[in-house]
Amino acid sequence: MKWVTRAHVHVDRVACPWLISRFVDNNAEFVFVAPDIVDQFAKNEVAIPFDIEGAELGHQDGHCSFVSIMEKYHLTEKALLQLADVVNAADTDQLDTNPYARGLEALAQGFSLMYPDDTDNLEVQFAVYDALYAFFRLKVARENT
């Protein structure tokens, strides 16, 4: 399936493709376009819009798009929920509500400077989310022992 969002990725627009490709659609194709043509592109290309104002998989009730995707696809694993809390805090300017949020925001800014091409940026940043997910899986496992 094609998924479309705004160009110039940052926290949520990297985290969402990671979540989608790892847990929702392992054959996902991500397209990044100007914000004013996301809706038209989605209609013309039969793509799912995300992290765009008004989209079902956008910000809802004060939460970021990552949380919206988790809810829509019933992703409830504890490690993913903890990762969602970090992403949400970093993406919604609530950096002080999660101890990892400032680090994720800093990484997003740095990667955006190093990799201005959105596809390249995703490719390298997925490792960050893989590592965070592994960290939270370990954290949850230790809490359960």
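Scroll up a little and you will see the structure.
Residues numbered from 1 in each chain as written. Predicted model: local features only at pLDDT ≥ 70, side-chain atom pairs only at ≥ 80, totals over all residues. Heavy atoms only, no water.

Chemist: Is there a simple way to explain the packing of helix α1 (residues 11–24) against helix α3 (residues 65–72) in this structure?
Modeler: When two helices pack together, their arrangement is captured by the angle between the axes and the distance separating the axes. Remark: α1 packs on α3, axes separated minimally by 9 Å, with the N-to-C direction vectors making an angle of 20°. Between α1 and α3, the crossing angle belongs to the class labelled roughly parallel. Here the hand of the crossing between α1 and α3 comes out right-handed. On α3, the residues touching Asp12, Ala15, Cys16, Trp18, Leu19, Ile20 and Val24 of α1 are Ser65, Phe66, Ile69 and Met70. Counted by class, the contact of α1 with α3 contains nine nonpolar, one polar and one charged residues. (Axes fitted to C-alpha atoms, helices over the stretch in contact; angles between N-to-C directions. Helix = DSSP H or I, 4+ residues; strand = E, 2+ residues; numbered from the N terminus. Parallel < 35°, antiparallel > 145°, perpendicular 65-115°, else oblique. Left-handed = near helix turned anticlockwise from the far one by under 90°. Contact = heavy atoms within 4.5 Å. Nonpolar A, V, L, I, M, F, W, Y, C, P; charged D, E, K, R; others polar.)

Chemist: Help me understand the nonpolar core, please; the structure alone is not making it clear to me.
Modeler: Looking at soluble globular proteins, one finds that nonpolar side chains tend to be buried together. Counting 40 residues, the largest nonpolar core has Trp18, Leu19, Phe66, Leu83, Val87, Leu104 and Tyr129 as its most contacted members. At the level of elements, α1, β2 (29–33), α3, α4 (78–91), α5 (101–114) and α6 (118–143) are the ones that each hand at least two residues to this core. In this view, Tyr129 contacts Val11, Val14, Ala15, Trp18, Leu83, Val87 and Leu104; residues no more than four positions away in its chain are not counted. (Core = buried A, V, L, I, M, F, W, Y, C linked by side-chain atoms within 4.5 Å. Buried < 20%, exposed > 50% of the residue type's maximum accessible area, 1.4 Å probe, protein only.)

Chemist: So what exactly am I meant to see when it comes to the environment of Phe66 here?
Modeler: Within the secondary structure, Phe66 is located in helix α3. Taking relative accessible area as the criterion, Phe66 reaches 0% and is therefore assigned buried. In sequence terms Phe66 and Asn121 are 55 residues apart; their C-alpha atoms lie 18 Å from each other. Residues in contact with Phe66, not counting those within four places in the same chain, are Asp12, Ala15, Cys16, Trp18, Leu19, Leu80, Leu83, Ala84 and Val87.

Chemist: How do you make sense of the pairing of β2 when you look at a structure like this?
Modeler: Side chains on a regular strand alternate between the two faces of the sheet. Within β2, four of the five residues are buried, which leaves the element mostly enclosed by the surrounding structure. Pairing between strand β1 (residues 2–6) and β2: five bridges, direction parallel. Paired with Lys2 across the strands is Glu29, a residue of β2. Tracing the backbone out of β1, into α1 and back to the parallel element β2 gives a crossover that is right-handed. (Pairing = 2+ DSSP bridges. Right-handed = clockwise from strand over helix to strand, strands pointing away.)

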